[in-house]
Amino acid sequence: MKLSEISSELGKEITVESWIIRMRKQGKKLVFLSLFDGTGEVQATLKQSTIGIDEFKPILDVFRGASIRTTGILKEDSRAPQGYELQVTSFEIIHPSDETYEQQVTHESSTDIKLSKRHIVIRGPKSSSILRFQSHVLHYMRDYFYSKGLEEVFPPLIVEAQAEGGSELFEIKYFDRNAYLTQSSQLYLEAAIFSLRDVFCILPSFRAEKSKTRRHLTEYRHVEAEGAFMDFEDLVKFIEEMIAYIVDKVIANDQDILKMWDRELQPIKTPFRRIKYGDAIKLLKDEYDITIPHGEDISDAPERQLIDHFGEPLVLHHFPTTMKPFYHKIDPEDKNLTRSADFLFPGCGELVGSGERETDIGSMLERMAKMDPPVNPEEYYWYMDLRKYGSVPHSGFGLGLERLIMWLLGVEHIRDITLFPRTVTRLAP
RNA sequence: GUCGUUGUAGCUAAGUGGCUAAAGCGUCCGGCUGUUAACCGGAAGAUCGCAGGUUCGAGUCCUGCCAACGACGCCA
C-alpha cells in the first residue's frame, strides 16, 4: 500500500513498503522510524514486546536508507508527527543500507556536496515534492494543449545546424561528420503545422553558453508550440490563457506542495501588462537613468528593474528587426519592428520567447545575408520550402519549464528544481 | 571569459607566524520503552586542495596550479 493512501485506513492493519529516512533507537526494545515511499511519510513505532525478541533484533542493526516492508495497525497518536502512526507487528528488511549512508550529505552540506550527492538528496519529502509538482504542471500544460486541439510531436534533437547565431551549440561526432544538439525545435514545429495544423513538443534544449546564473542550465526542458493561421494577437492571448490555466490548476490541486514551499499563489489576471520594447527603454531612461541604445538587448539587471517596476508578469513586445533572427515577422505597420514578445516573470526573468513567424521569402533572404556570419539559405532549403509552398500566417513560442516551476513555487535556484541539473561545471550524477 | 570568496576528519567548522590542529553532527562501543535534528557516557577518525617559496618555525605569509561557489559578462 502507498503511504499517500493510508489516511483512510485508521484502525486497520496495513502493509507498506518504503524507505527509512529517519530513525531513533530508544534503548534495545523501542525504535521509531520515519518511513517515506515517494508518495508520503509516516512514523512507525516498533516495540520488542509487540514484535517478539528474536523478530525485533534485526531492526537494531539497520541503517537509514534501508528499504523495509512493515505490517501493523495504523493508530491515532498525538505523539506522532502526523497525528497517527504505524504500530508495527512485523517487518522485513527488503534491502539493507550501511553506516556510510550517514556520511554522504546533510541539509547543512555545501552546494558542491549537495549536487554531487543529488541522488541521495532527492530521497526526501521536500525534493520529492518539486519533482512531483513538475510532473503535475506538465500534465496541466498537456491538458491545455490538447483542449486547444494541439498535437504532440517529436522533432529531432540531433541537428545539422541552427538558425540562431551567437548562441553556442554543443558539437557532437556523428559518424564521419559533425552534428549539434538542438537549441530549439521551433523550425521543425513550423514544418509540422503543415501536417497537423497546431502542434507542441516538450523536449530538452541545449545551450553551450558558459552562463553561471541561478536561472541557466546547459540542458533544460523546452516547451514549444506552433499554431497555423495564428497571428501575433492570437499568440499572446494563447500564452496568457495557458499560464492562467496552469496557475488555476495548481491552486486547485497542489496546495500541499505550495504550503511546503511557503508559496501563496494568486490567480493571475489576463491580459498581462504589455509594454513595447521602445517604451521600455524609454521608461528605463526616464525613471532609472539606465541608457540602452535602441536595438540593444535589455540585459539582466535592467530586465529585473523592469519587472520590479511593475511588480507583476510583463509582456515585452515589438523588438527591433535588427535584434531578432530572420524568421521573426516584420510588423507591416513599422518595418523596423518585429511581431515578437518576451514574457518576463518575477524571480525567473524571461520565461517565454515568442513571435509571429516571417513568411516573406524576400525579407528572409535579405536578413539571412545580413547576419554575422551570413546564413546560407541552402542549408535551410527545407525551411525555405515552407514559404515557397503555401505558407500561412503562423506563430509560436518557447517556454523554459524549469523557470516556470521556479516562478510557481518561488524557488531561488534553477538547480534545486531539476532532477539532475546540467551546468557548466556539473556533469554527474 | 573577468573579478571575488572559499578549500582543515565522512559532513559542518574553529584556528590572524610558536606547546600534542578545537568542537558539533555522523561512525564505533555502552546506557535508555515515546523519540520528534532525541538524550547521556566513552573511543576511533586530519598528507590542513596540490606544487613550490619566505622563515629558526607555516593550517596561518607569498607565487603558481586545481576545484567549487558567488557576482558580472555571454545568453530568448
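So, how was this worked out
Residues numbered from 1 in each chain as written. Chains lettered and ligands numbered in written order. Predicted model: local features only at pLDDT ≥ 70, side-chain atom pairs only at ≥ 80, totals over all residues. Heavy atoms only, no water. Helix = DSSP H or I, 4+ residues; strand = E, 2+ residues; numbered from the N terminus. Buried < 20%, exposed > 50% of the residue type's maximum accessible area, 1.4 Å probe, protein only. Contact = heavy atoms within 4.5 Å. Areas by Shrake-Rupley, 256 points an atom, 1.4 Å probe, with all protein chains shown as cover. Near = heavy atom within 4 Å. Polar contact = N/O pair within 3.5 Å; in protein donor to acceptor, adjacent residues only side chain to side chain. Nonpolar A, V, L, I, M, F, W, Y, C, P; charged D, E, K, R; others polar. Domains from an automatic or database assignment. Buried area = accessible area lost by both parts, 1.4 Å probe. Salt bridge = Lys/Arg side-chain N within 4 Å of Asp/Glu carboxyl O. Pairing = 2+ DSSP bridges. Core = buried A, V, L, I, M, F, W, Y, C linked by side-chain atoms within 4.5 Å. Phe/Tyr/Trp six-rings, centres within 6.5 Å; stacked < 30°, edge-to-face > 60°. Lys NZ or Arg CZ within 6 Å of the ring centre and 35° of its normal. Axes fitted to C-alpha atoms, helices over the stretch in contact; angles between N-to-C directions. Arc of directions from axis to C-beta.

Draft legend 1. Region of the structure containing the overall build of chain A. Along the backbone of chain A there are 13 helices and 18 strands. Across its three principal axes, chain A shows a C-alpha extent of roughly 85 × 55 × 40 Å. With 429 residues in all, chain A has 48% of them scored as buried. Considering only intrachain contacts with a sequence separation of at least 6, the fraction spanning at least 24 residues in chain A is 65%. Per element, the accessible surface of chain A, about 21800 Å² overall, is 49% carbon and sulfur.

Draft legend 2. A look at the protein's contact with RNA strand B. Taken together, 48 residues lie near RNA strand B, and Gln103, Glu209, Arg214, His216 and Lys324 sit nearest. Within 4 Å of the protein, the contacting atoms of RNA strand B are 52% sugar and phosphate, with bases supplying the remainder. Contacts to RNA strand B include Glu85, whose side-chain N or O atom sits 2.5 Å from a base nitrogen. Those elements that place two or more of their residues in the surface near RNA strand B are strand E1 (13-26), strand E2 (30-36), strand E3 (41-47), helix H3 (111-116) and strand E17 (349-356). Ranked by residue count, the leading element in the surface near RNA strand B is H3, at four residues. Looking at side-chain class alone, the surface near RNA strand B contains seven nonpolar, 17 polar and 24 charged residues.

Draft legend 3. Structural detail: the domain arrangement of chain A. One can read the domain layout of chain A as domain 1 (3-103) and domain 2 (120-417). Computed over C-alpha atoms, the centres of domain 1 and domain 2 are 46 Å apart. Each partner contributes to the roughly 510 Å² buried at the junction of domain 1 and domain 2, and carbon and sulfur atoms together form 55% of this total. Counting the surface domain 1 buries against domain 2, the share from its top three residues, Phe36, Gly38 and Tyr101, is 67%. Between domain 1 and domain 2 we count zero salt bridges in total. For the pair domain 1 and domain 2, the interface holds one residue pair in polar contact (both at pLDDT 80 or more). Residues belonging to the side of domain 1 that touches domain 2 are distributed by class as follows: three nonpolar, three polar and one charged.

Draft legend 4. Region of interest: the pairing of strand E9 (residues 177-181). As defined by bridge partners, strand E7 (residues 158-159) adjoins E9 across two bridges and the pair is classed as antiparallel. Residue pairing in the sheet places Ile158 in a bridge with Leu181 of E9. In the sheet, strand E8 (residues 171-174) pairs with E9 via four bridges, with the strands oriented antiparallel. From the neighbouring strand, Glu171 faces E9, where its bridge partner is Tyr180. In this antiparallel pair of consecutive strands, E8 and E9, the connection spans two residues, and Phe175 shows a positive phi of 50°.

Draft legend 5. Quick peek at the nonpolar core. In terms of nonpolar packing, the biggest core is built from 51 residues, with Phe145, Ile243, Phe343 and Phe397 touching the most fellow members. No other element matches helix H7 (residues 232-253), which puts 11 residues into this core. Among the nonpolar cores identified, the runner-up in size contains 22 residues, and Ile14, Val16, Val31 and Val62 belong to it.

Draft legend 6. Here's a closer look at the packing of aromatic side chains. Enumeration over the complete set of coordinates arrives at 18 aromatic pairs. Aromatic pair Tyr174 and Phe175: ring centres 5.0 Å apart, planes at 75°, arrangement edge-to-face. Exposure remark for Tyr174: the relative accessible area of 32% places this residue in the partly exposed category. One residue, Arg263, lies across the ring of Trp407, its end atom 6.0 Å from the ring centre. Seen from the ring of Tyr383, Arg387 lies directly overhead, with NZ or CZ sitting 4.3 Å from the centre.

Draft legend 7. The sheet that holds E2, seen in detail. Strand order in the closed barrel made by the five strands is E1-E2-E3-E5-E4, with mixed pairing throughout. In this sheet, adjacent strand axes meet at a mean angle of 50° when their direction is disregarded. Bridge count for E3 against strand E5 (residues 84-95) is four bridges, and the pairing is parallel. Among the inter-strand pairings, Gln43 is bridged to a residue of E5, identified as Glu85.

Draft legend 8. Broad picture of the side chain of Gln43. Position of Gln43 relative to the elements: it lies in strand E3. When near neighbours in sequence (up to four residues on either side) are disregarded, Gln43 contacts Arg24, Phe32, Leu33, Ala80, Pro81, Gln82, Glu85 and Leu86.

Draft legend 9. Just the pattern of salt bridges, in detail. If you walk through the whole model with that rule in mind, you get 28 salt bridges. In this structure, Asp112 and Arg426 form a salt bridge, with 2.9 Å as the shortest nitrogen-oxygen distance. Of the two residues, Asp112 is situated in helix H3 and Arg426 in the segment after helix H13 (401-409); the sequence distance between them amounts to 314 residues. For Asp112, a relative accessible area of 45% corresponds to the partly exposed category. Arg177 is paired through a salt bridge with Glu160; the nearest N and O atoms lie 3.6 Å apart.

Draft legend 10. Inspection of helix H12 (residues 381-388) at higher detail. Within H12 the residues assigned to the buried category are Tyr383, Met384, Leu386 and Arg387. Within H12, the buried residues cover an arc of 140° as seen down the axis, which keeps them to one side. In H12, those exposed residues whose orientation departs by more than 90 degrees from the buried face are Tyr381 and Lys388. Next to the buried residues of H12 lie helix H6 (186-196), helix H11 (361-370) and strand E18 (394-400). Immediately downstream of H12, the backbone of Gly390 shows phi near 70°, a positive value.

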